Amino acid sequence: MTRAFRIHAARVYLREARARASNPRQRGFCFRLLAWAANCRRAAMKAPTQGALF
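Treat the numbers as computed from the prediction; the structure is a model and nothing was measured.

Participant: Explanation requested: the packing of aromatic side chains in the structure shown.
Facilitator: The geometry of an aromatic ring pair is captured by the separation of the ring centres together with the interplanar angle, meaning the angle of the planes. Considering all chains together, one arrives at two aromatic pairs under this definition. A centroid spacing of 5.6 Å and a plane angle of 55° characterise the contact between Y13 and W36, whose relative ring orientation is tilted. Placement of Y13 in helix α1 (residues 3-20) and of W36 in helix α2 (residues 27-46) is noted, with a sequence separation of 23 residues between them. With a centroid separation of 6.0 Å and an interplanar angle of 90°, the aromatic rings of F29 and W36 are classed as edge-to-face. These aromatic residues form a ring-pair network of at least three members: Y13, F29 and W36.

Rules behind the numbers
Residues numbered from 1 in each chain as written. Predicted model: local features only at pLDDT ≥ 70, side-chain atom pairs only at ≥ 80, totals over all residues. Heavy atoms only, no water. Phe/Tyr/Trp six-rings, centres within 6.5 Å; stacked < 30°, edge-to-face > 60°. Helix = DSSP H or I, 4+ residues; strand = E, 2+ residues; numbered from the N terminus.

The following block contains the structure:
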């Protein structure tokens, strides 16, 4: 996965968490989506950004 794809996936997870937040039955899944978004952001930070240029 590329850095851009991971950031996009994190944004999608955050958007889904916001959309499901109003439903009390899906509150637990919202926390799972937030965890997935955080994992994607962490993985994007670890990915080399300019490694291919050198």
